Amino acid sequence: MDFSYTILIPLIPLALFVILGLFSKKIPASISGWMGSIGLGVTFVLSYYAAYQYYLNGKLNGVYQPFIYKYNWLNFTDKLHIDMGVLIDPISVMMLVVVSTISFMVNLYSIGYMKGDDGFTRFFAYLALFSFSMFGLVLSTNLFQIYIFWELVGASSFLLIGYYYTKPSAVSAAKKAFIVTRFADFGFLVGILIIGYYTGTWDFQELNNPEGSVITNWAATSFMGLSVITWALILIFMGGAGKSAMLPFHIWLPDAMEGPTPVSALIHAATMVVAGVYLVARLFPMYYFVEDGFALQVVAYVGAISSLFAAIIALTQNDIKRVLAFSTMSQIGYMMLALGVSGYHGHDGLGFMASMFHLFTHAMFKGLLFLAAGSVIHAIHSNYLQDMGGLRKYLPITHITFLIAALSISGVPLFAGFFSKDEILAAAYENNMLIYISSVFVAGLTAFYMFRLYFGIFWGKEKEYEHTPHESPMSMTIPMMFLAFMSIAGGYIHFSKYISPDHMPFEAHLNYYLAAIASTVGLIGIVLAFIFYKKENNLSERFSHAFGVFYKWTYNKFYFDEIYLFVTKKIIFGLVATPAAWFDKNVVDASMIGIGNVTESFSEKIKGMQSGKFQDYAMGFISGGVVIAIVVFYLWIN
Amino acid sequence: MDILSLFVIVPIITVIALGFTKDLKQSRIVALAGMLVQLGMSINLIFAYLKERAVNDDIMVFVKDIMWFEQFNIHYSVGVDAISVVMIILTAVIVVAGIFISWMVDDLPKEFFISLIILSTGVFGFFISLDLFTMFVFYEIAVIPMYLLIGIWGSGPRENSAMKLTLMLMGASALLSVGIFGIYFNSNIGTDGLLTFNILEIAQVNIPEAAQNLFFPMVFIGFATLGALFPFHTWSPSGHASAPTAVSMLHAGVLMKLGGYGVFRVAMYLLPIGALNWSDFFLVLASIGVVYGALGAIMQKDLKYINAYASVSHLGLVLFALLMFNKTAWNGAIIQSLSHGLLTAMFFALIGMVYGRTHTRDVAKLGGIMKVLPFIGAIYVITGLAYLGLPGFSGFVAEMNIFVGSFQHDDTFHRVLTILAVSSIVVTAVYILRMVGKIMMGPLSNPEYANLPKATWYEKVGLAMLLIPVVIIGVMPFGLGEMLKESIQPFLERLQ
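Residues numbered from 1 in each chain as written. Chains lettered and ligands numbered in written order. Predicted model: local features only at pLDDT ≥ 70, side-chain atom pairs only at ≥ 80, totals over all residues. Heavy atoms only, no water.

### Considerations on the overall build of chain B
And step 1. Along chain B, the regular secondary structure elements total 19 helices and 2 strands.
And step 2. Since a compact globule built from 496 residues should have a radius of gyration of about 23 Å, the 22 Å found for chain B is in line with a globular shape.
And step 3. With respect to the principal axes defined by its C-alpha atoms, chain B has extents near 75 × 60 × 45 Å.
And step 4. Within chain B, the proportion of its 496 residues that are buried is 70%. (Helix = DSSP H or I, 4+ residues; strand = E, 2+ residues; numbered from the N terminus. Rg over C-alpha atoms; globule rule 2.2 N^0.38 Å. Buried < 20%, exposed > 50% of the residue type's maximum accessible area, 1.4 Å probe, protein only.)

Laid out in structure tokens, this is it:
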């Protein structure tokens, strides 16, 4: 089978980026949006074709085979080198489908959403750059290639968050996102360097081979009680946690909502933020086998805690995009914990499969939630829940699609989220009771905050709108309808037939007992939201009063931003950088000037005359040097 | 005439021709023409070199040797390997870009271009020299015009800055001259030959360890002062701040590279045992420079100071890599020299363009410039991203070579310093984004800036010339690495 055409999938957006970027002033807005959409449409078709071809025919003796096309890009040492290439295997093909679907839909949607913006062409150029980098990331054949594209998605995220670059809040959000993830990437890079040095390879096929020398030799090295390879995996996960907004690197994600809403849908909900999950999944055999899965335990707990933490914060936020951002963080926590509790062989790989399944369905319904939120914002020009209410009459399509997505994320039976979440809970139930209970609780919280949004936006009392809100144009509603379709239909794909850690299909069945518990908890959340928010009432205020301090802490996101601000502004800038600048001026430089002055007065004394200043100095130094030189020669010759 | 000496002769002819010009228009055309010839020759040199290399295994090719002072056995001796070839190209590109950027220099244009080209003559001569004496002469030719260029065409406390710069570099050359003579007087040990300054001949003898230990730090500090080694870097921020744009470009872009090149070609090649013995000490200084320069850059208020401290950090990385003694790190050091040269020249050019229009370099007073000057703003952002090591640009290739190379040492000392150096990627992101975010983005800080003139064609050409090689190295690094590798081999063999 030949998959070499998949190389076109990243190259088409790259070409688009170059063309739109270089001629952003020349290409009129009416053309650039369609250029972007057609280009991404082609990648969409190619990705679906690749998926069709691969999942149907990619098996040999019942095992999915990898297909690799690569060439040598940069040589470091005799062993270590970076390849650039394409790796086709079950999870990369699944990611191609996700990324191309959301990219294509967001491109279409943006034609309507960004209409009239004076940076229209620039916007589509950035989108194309992002799609290129993201495709490159998912198709990577080795750890260093993934790092390269990892940095590139970070940069395109920076450009897109800061798209409204005259707005100070957007600029600082963009900076924050880049610097926080860069800090996490520092860990990632050190992890890569460790892997390179101790194993001599970065190639995924060699690293992930369960019988290979890398996995079997993990015990050969140790540092502070753990294998060096375990440390490397934890550091690599640090990079993943940064991109995927896990604790404690999550602070950039809510601020990133300053970017245009289609960007939030594409990058900060569906694709880039799940790169961390993808990274762990990519190295899953290493995480699972090295040191009996110690690093994987870290992944599980970080995921579980982030998931709970974010769901609690999401309860109290008033900016609808920020609620969705925390919801994203919470759902990614789900995916992480599912990976964390997963085994490797056969049915034990349920968690791995569930994580990828949830990644897929989440991309569809969360992408849709953002697009629908964008449609609401487009109609009433506000992000805040208190400015919304009763919009179901004016925005019928947005209303229905939002409802479908909300039902899906809340895990209501027959919607996509129900199936994927059930697999995650089943995997957690089989392996870790504590994580299971926390996850079920999160499922209830999710349903509650999601329907708080739904009732708050579409029901309740109508607010005074500047002009009558109207439904968005077709270019925006069609992508929403497509994603709504996927938010239901996506759940009926039998993921276990296609995706498993050992690339062998297995049978996974719905666990009715667990599904019933989860659905009940979800429904309770929805009912509570209905009581609190369906009609205007003061129940929610009374509750927030009753919770007092806890409410305040939650509303302020547990003061994480303040802690970071304190560390950067007060400690790094105030106690390190400023003294460094002072030290340089008043100690290092001053002592150099001091030496100059001493020499000057010395030479003046010797010469006993005052000529031009420069000559004085220069003569002082040169004659000094010559004197030393002569002395040295003299000593040497004798 | 041999192909290498032309690199000195063409600038000299250009300088003479400039003597006959009358006004700005004439002198810039003459300067540009001369330097375009130079650029053409240097591009030709790559192909000529690759062709020659295919049939010639010598360490240096295109060697030409003429007796200069017979009684001291001083020769005028030139030759190149891949390292000097790439440095020559870098110089030629930056000089031409610098001429474009100074298209409208209004004060004493003729003298300005003459000084600029004399400076570049010194640099070209330095890179082709095989004889320590010739090399030292060219080094001084490059440093002296700096004083005039800053003192006359500079801004701010220019005389003071020019003085500090010249003095510190002179002090360094005094130290260097001692070191070079020390090498000279040891150059016939174990042979019956004459004392010699020829690098290739000296490399055949084994200078006694005691002498190596004595002279290595002199040569190293002598050159590394020019490469902004902590704590001998303080001439650079004030010098850059006062220098006119093209001079800053040439200075940070090329002249500071003489430091790293000299360290490699002279100190480490001729005194390998001294280098190994001293490496830990200088490695600590270099690592401090990497982090300290980056931290220093965060809090600066003047754009040129930010860039000067950034250079301390990035050139610290060059010295750091040189002291790692392996092929990968050395490869990285050379690519980092190229990359930093191009990027810092771009930054200085851009700062000059902003300063020329707004008459301030104060970060606090600037803001939202991208809205008014979209081209300059976009290039500024790209340069910033390239500077902080984004893949696809040259900086990434250089840094990854350095980090992977440094990681080959598995003792705690090297590990700690390497991780410290790697951490600079975070600090670099902080100061670059802080600067770009403040001056280019955000709301327009001053309503007077609303009508700043757009970028002119010559500014665009100058920037494009610098950006294109940055992208080429970043996207297609394979050829460069292979080309350099063969020329690095002799240096490795000296360590055994």
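On we go from here.
### A word on the overall build of chain A
And step 1. Across its full length, chain A carries 25 helices and 4 strands.
And step 2. Since a compact globule built from 638 residues should have a radius of gyration of about 26 Å, the 28 Å found for chain A is in line with a globular shape.
And step 3. For chain A, the C-alpha atoms occupy an extent of roughly 95 × 65 × 55 Å along the three principal directions.
And step 4. The proportion of buried residues among the 638 residues of chain A is 62%.
And step 5. Put simply, 79% of the contacts in chain A that link residues at least 6 apart link residues at least 24 apart.
And step 6. For chain A, the accessible surface area stands at approximately 24,000 Å², while carbon and sulfur atoms represent 67% of it.
And step 7. In chain A, 34 positive and 36 negative side-chain charges are present, and the distance between their average locations comes to 9 Å. (Contact = heavy atoms within 4.5 Å. Areas by Shrake-Rupley, 256 points an atom, 1.4 Å probe, with all protein chains shown as cover. Lys, Arg positive; Asp, Glu negative; His and termini not counted. Charge placed at Lys NZ, Arg CZ, Asp CG, Glu CD.)

### Some details on the interface of chain A and chain B
And step 1. At the interface, 59 residues of chain A touch 65 residues of chain B.
And step 2. Across the contact surface, chain A and chain B share 1 salt bridge.
And step 3. Across the salt bridge formed by Asp-118 of chain A and Lys-371 of chain B, the nearest N and O atoms sit 3.7 Å from each other.
And step 4. Sort the elements by how many residues they give to the side of chain A that touches chain B and helix 6 (residues 168-199) of chain A lands first, with 14 residues.
And step 5. Tallied by class, residues from the side of chain A that touches chain B come to 46 nonpolar, 6 polar and 7 charged. (Salt bridge = Lys/Arg side-chain N within 4 Å of Asp/Glu carboxyl O. Nonpolar A, V, L, I, M, F, W, Y, C, P; charged D, E, K, R; others polar.)

### A look at the pattern of salt bridges
And step 1. Overall, the coordinates contain 13 salt bridges over all chains when judged by the stated rule.
And step 2. Salt bridges here are not isolated pairs; linked through shared partners, they connect Lys-167, Lys-176, Asp-255, Glu-258, Asp-319 and Arg-322 of chain A.

### Considerations on the nonpolar core
And step 1. Residues Leu-143, Phe-144 and Tyr-287 of chain A together with Leu-132, Leu-270, Tyr-380 and Phe-403 of chain B are the most contacted members of the largest nonpolar core, which totals 445 residues.
And step 2. Broken down by element, this core gets its largest block of residues, 21 residues, from helix 16 (residues 350-380) of chain A.
And step 3. The contacts of Tyr-287 of chain A, once residues within four sequence positions are left out, are Leu-233, Ile-236, Phe-237, Val-280, Gly-293, Ala-295, Leu-296 and Val-299 of chain A. (Core = buried A, V, L, I, M, F, W, Y, C linked by side-chain atoms within 4.5 Å.)

### Overview of the side chain of His-233 of chain B
And step 1. Structurally, the position occupied by His-233 of chain B is in the loop between helix 8 (209-226) and helix 9 (235-242).
And step 2. With residues near it in sequence (within four places) discarded, His-233 of chain B still touches Asp-584 and Val-588 of chain A together with Ala-228, Tyr-292, Tyr-309 and Val-312 of chain B.

### So, the pairing of strand 2 (residues 74-80) of chain B
Walk down a regular strand and you will see the side chains alternate between the two sheet faces.
All names here are of chain B.
And step 1. Counting buried residues in strand 2 gives 7 out of 7 residues, a clear majority hidden from the surface.
And step 2. The alternating pattern of strand 2 places Ile-74, Tyr-76, Val-78 and Val-80 on one face and His-75, Ser-77 and Gly-79 on the opposite face, and all of these are buried.
And step 3. Direction of pairing for strand 1 (residues 61-69) relative to strand 2: antiparallel, over a ladder of 6 bridges. The partner of Phe-69 across the bridge, within strand 2, is Ile-74.
And step 4. Hairpin connection between strand 1 and strand 2: a loop of 4 residues separates the two successive antiparallel strands, and Asn-73 in this loop has a positive phi of roughly 60°. (Pairing = 2+ DSSP bridges.)

### Quick notes on helix 6 of chain A
And step 1. Helix length check: helix 6 of chain A (32 residues) gives 46 Å between terminal C-alpha atoms against 46 Å at 1.5 Å per residue, within 8%.
And step 2. The first or second residue beyond helix 6 of chain A is Gly-200 of chain A, which carries a positive phi of 75°. (Expected span 1.5 Å × (residues − 1).)

### A few points about the packing of helix 3 (residues 90-113) of chain A against helix 20 (residues 474-489) of chain A
All names here are of chain A.
And step 1. Interhelical geometry of helix 3 versus helix 20 gives an angle of 155° and a closest axis separation of 7 Å. By the angle class used here, helix 3 and helix 20 are roughly antiparallel. As for how helix 3 packs across helix 20, the hand of that crossing is left-handed. Where helix 3 abuts helix 20, its residues Thr-101, Ile-102, Met-105, Leu-108, Tyr-109, Ile-111, Gly-112 and Tyr-113 lie against Ser-475, Met-476, Pro-479, Met-480, Phe-482 and Leu-483.
And step 2. Broken down by class, the residue content of the contact of helix 3 with helix 20 amounts to 11 nonpolar, 3 polar and no charged. (Axes fitted to C-alpha atoms, helices over the stretch in contact; angles between N-to-C directions. Parallel < 35°, antiparallel > 145°, perpendicular 65-115°, else oblique. Left-handed = near helix turned anticlockwise from the far one by under 90°.)

### Here we look at the packing of helix 13 (residues 327-358) of chain B against helix 18 (residues 457-475) of chain B
Residue and element names in this part refer to chain B.
And step 1. Between helix 13 and helix 18, whose axes approach to 10 Å, the crossing angle comes to 155°. Classified by the angle between their axes, helix 13 and helix 18 sit roughly antiparallel to one another. Relative to helix 18, helix 13 is oriented so that their crossing is left-handed. Where helix 13 abuts helix 18, its residues Ile-335, Leu-338, Leu-342, Leu-343, Ala-345, Met-346, Ala-349, Leu-350, Met-353 and Arg-357 lie against Glu-459, Leu-463, Leu-466, Leu-467, Pro-469, Val-470 and Ile-473.

### Notes on the side chain of His-409 of chain B
And step 1. In this fold, His-409 of chain B is placed in the loop between helix 16 (394-406) and helix 17 (412-439).
And step 2. One polar contact links the side chain of His-409 of chain B to the main-chain carbonyl oxygen of Met-324 of chain B, over a distance of 2.7 Å. (Polar contact = N/O pair within 3.5 Å; in protein donor to acceptor, adjacent residues only side chain to side chain.)

### Considerations on helix 11 (residues 272-298) of chain B
Residue and element names in this part refer to chain B.
And step 1. With 27 residues, helix 11 should reach 39 Å at 1.5 Å per residue; the first-to-last C-alpha distance of 36 Å fits that figure.
And step 2. Taken as a whole, helix 11 carries its principal kink of about 55° at Ser-279.
And step 3. In terms of residue burial, helix 11 counts as a mostly covered element, since 19 of its 27 residues are buried. (Bend = angle between axes of the 7 residues up to and from the residue.)

### Some words on the confidence of the model for chain A
Residues and elements named next belong to chain A.
And step 1. A residue-level look at chain A finds 92% of positions with pLDDT of 70 or above and a mean pLDDT of 85.
And step 2. Confidence, read as mean pLDDT per element, is least for helix 25 (residues 613-637) in chain A (56) and greatest for helix 12 (residues 275-282) (94).
And step 3. The model gives residues 608-612 a pLDDT under 50, and that stretch makes 5 contacts with residues more than four places away or in other chains. (pLDDT = per-residue confidence, 0-100.)

### So, the environment of Val-180 of chain A
Residues and elements named next belong to chain A.
And step 1. Note on placement: Val-180 falls in helix 6.
And step 2. Once the C-alpha coordinates of Val-180 and Ser-327 are considered, the two residues, 147 residues apart in sequence, prove to be 20 Å apart.
And step 3. When neighbours within four sequence positions are excluded, Val-180 is seen to be in contact with Phe-249, Ile-251 and Trp-252.

### Section: a negative patch on the surface
And step 1. There is a patch of like negative charges on the surface, built from Asp-57, Asp-58, Glu-482 and Glu-486 of chain B.
And step 2. The topology assignment puts Glu-482 of chain B in helix 19 (residues 478-494). (Patch = residues over 30% accessible without salt bridge, like charges linked within 9 Å, V, L, I, M, F, W, Y side chains within 5 Å.)

### Topic: the environment of Met-114 of chain A
All names here are of chain A.
And step 1. Topologically, Met-114 is positioned in the loop between helix 3 and helix 4 (120-138).
And step 2. Overall, the relative accessible area of 1% leaves Met-114 in the buried class.
And step 3. Put simply, Met-114 and Gly-33 are 81 residues apart on the chain and 9.4 Å apart in space, counted from C-alpha to C-alpha.
And step 4. If we skip the residues at most four places from it in the chain, Met-114 touches Phe-120, Phe-123, Tyr-163, Tyr-164 and Pro-260.

### Here we look at the pairing of strand 4 (residues 81-88) of chain A
Residue and element names in this part refer to chain A.
And step 1. Burial runs high along strand 4: 7 of the 8 residues are buried.
And step 2. Summarising the sheet, strand 3 (residues 67-75) and strand 4 pair through 8 bridges and their orientation is antiparallel. Bridge pairing in strand 4 links Ile-68 to Leu-87.
And step 3. Adjacent in sequence and paired antiparallel, strand 3 and strand 4 are bridged by 5 residues.

### Digging into the packing of aromatic side chains
And step 1. Applying the stated criterion to the full structure yields 79 aromatic pairs over all chains.
And step 2. Taking the centre distance of 5.1 Å and the plane angle of 55° together, the rings of Phe-284 of chain A and Phe-352 of chain A count as tilted. In this pair, Phe-284 of chain A is assigned in helix 13 (residues 284-289) and Phe-352 of chain A in helix 16, connecting sequence segments 68 residues apart.
And step 3. One aromatic cluster is present, formed by Phe-3, Tyr-5, Tyr-49, Tyr-54, Tyr-55, Tyr-64, Phe-67 and Tyr-498 of chain A through successive ring pairs.
And step 4. Above the plane of the ring of Tyr-355 of chain B lies Arg-361 of chain B, whose end atom (NZ or CZ) is 4.9 Å from the centre.
And step 5. In this structure, Lys-460 of chain B packs its charged tip against the face of Phe-375 of chain B, placed 5.1 Å from the ring centre. (Phe/Tyr/Trp six-rings, centres within 6.5 Å; stacked < 30°, edge-to-face > 60°. Lys NZ or Arg CZ within 6 Å of the ring centre and 35° of its normal.)

### Examining a nonpolar patch on the surface
And step 1. Side chains of Tyr-71 of chain A together with Ile-468, Val-471, Ile-472, Val-475, Met-476 and Phe-478 of chain B sit close together on the surface and give an oily, nonpolar patch of about 610 Å² of accessible area.
And step 2. With 4 residues, the top contributor of residues to the nonpolar patch is helix 18 of chain B.
And step 3. Residue position: Ile-468 of chain B is located in helix 18.

### Examining unusual backbone geometry
And step 1. Between Leu-247 of chain A and Pro-248 of chain A the backbone carries a cis peptide bond, its omega angle lying at -5°.
And step 2. Looking at the element boundaries, Pro-248 of chain A is found in the loop between helix 9 (228-243) and helix 10 (252-255).
And step 3. For the bond from Phe-230 of chain B to Pro-231 of chain B, the omega torsion is 0°, close enough to zero to count as cis.
And step 4. In this fold, Pro-231 of chain B is placed in the loop between helix 8 and helix 9.
And step 5. The phi torsion at Leu-414 of chain A lies on the positive side, around 80°, for a residue other than glycine.
And step 6. In this fold, Leu-414 of chain A is placed in the loop between helix 17 (396-409) and helix 18 (416-431).
And step 7. Backbone geometry places Ala-228 of chain B, a non-glycine residue, at a positive phi of 60°.
And step 8. Mapped onto the secondary structure, Ala-228 of chain B falls in the loop between helix 8 and helix 9.

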